[in-house]
Structure formats: C-alpha cells, structure tokens
Amino acid sequence: MSTNKLRLGPLPTKTETVKITIALTTALKTDLERYAALHAQTYGEPIDATTLIPHMLDAFMARDRGFKRAALPRTAATQRNEKAAPG
C-alpha cells in the first residue's frame, strides 16, 4: 500500500479542544490504531488514534456535500422556489 495517499494530511500543531467520550466497535478501534501507525510512518511523527479522531471527523464533514448544503444560508430566491414548488 502506498503511504503517500492518506486522506488525512499532516495535523495542525495546535487546536482548541473539548473532551467527549465515544464508544467504538473493537474492529473500528483496531482500524484507527492501524491508521494512526500508517499516519505516523507517512509523516514521521508519532500519533495515537485518539488524536486522529477529531481531525478525521472534521475532514469527513468538510467533504460532505449534503452537510454543506444544509449549513448554507438560504437565499430569498431559494425560499421563493421552495414555496412555489408543488409539495
């Protein structure tokens, strides 16, 4: 497997965080640990799976078109079109 094609690039050096607790399947935990090892090998900096999770979620949400559309403010034209559409 080529290590230069990871979706998650180098991590930012400092971010503000909030702590939450999540439950994972054992298979997902194992995969996250494997991903963390591959990330460390690719970018030459040791990292654990716990540190990767928020960055992975951020990257996922940034690429989700449906989420982006829902988060965009609706324009007056969009609202008019919604009212005019048969429903």
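This text follows the structure it describes.
I will try to describe carefully the structure that is included in this document. (Residues numbered from 1 in each chain as written. Predicted model: local features only at pLDDT ≥ 70, side-chain atom pairs only at ≥ 80, totals over all residues. Heavy atoms only, no water.)

## Some details on helix α1 (residues 26–43)
Then step 1. Here α1 is 18 residues long and its end C-alpha atoms lie 26 Å apart, about the 26 Å a rise of 1.5 Å per residue gives.
Then step 2. Where α1 is concerned, the buried positions are L32, Y35, A36, L38, H39 and A40.
Then step 3. The inward-facing, buried residues of α1 abut α2 (49–63).
Then step 4. Of the residues one or two after α1, G44 is the one with positive phi, at around 70°. (Helix = DSSP H or I, 4+ residues; strand = E, 2+ residues; numbered from the N terminus. Expected span 1.5 Å × (residues − 1). Buried < 20%, exposed > 50% of the residue type's maximum accessible area, 1.4 Å probe, protein only. Contact = heavy atoms within 4.5 Å.)

## Quick notes on the pattern of salt bridges
Then step 1. Counting across every chain of the model gives two salt bridges.
Then step 2. Here D31 and R34 are joined by a salt bridge, their closest N and O atoms 2.9 Å apart. With D31 and R34 both in helix α1 and three residues apart, the pair spans about one turn of that helix.
Then step 3. By relative accessible area, which is 55% here, R34 ends up exposed. (Salt bridge = Lys/Arg side-chain N within 4 Å of Asp/Glu carboxyl O.)

## Here's the deal with α2
Then step 1. Taking 1.5 Å of rise per residue, the 15 residues of α2 would be expected to cover 21 Å, and the 21 Å separating its terminal C-alpha atoms lies within 8% of that figure.
Then step 2. What α2 keeps buried is the set A49, L52, H55 and A59. The buried residues of α2 occupy an angular sector of 120° when the element is viewed end-on, so they sit on one face. Seen from the buried face of α2, the exposed residues on the opposite side, beyond 90 degrees, are T50 and D58. (Arc of directions from axis to C-beta.)

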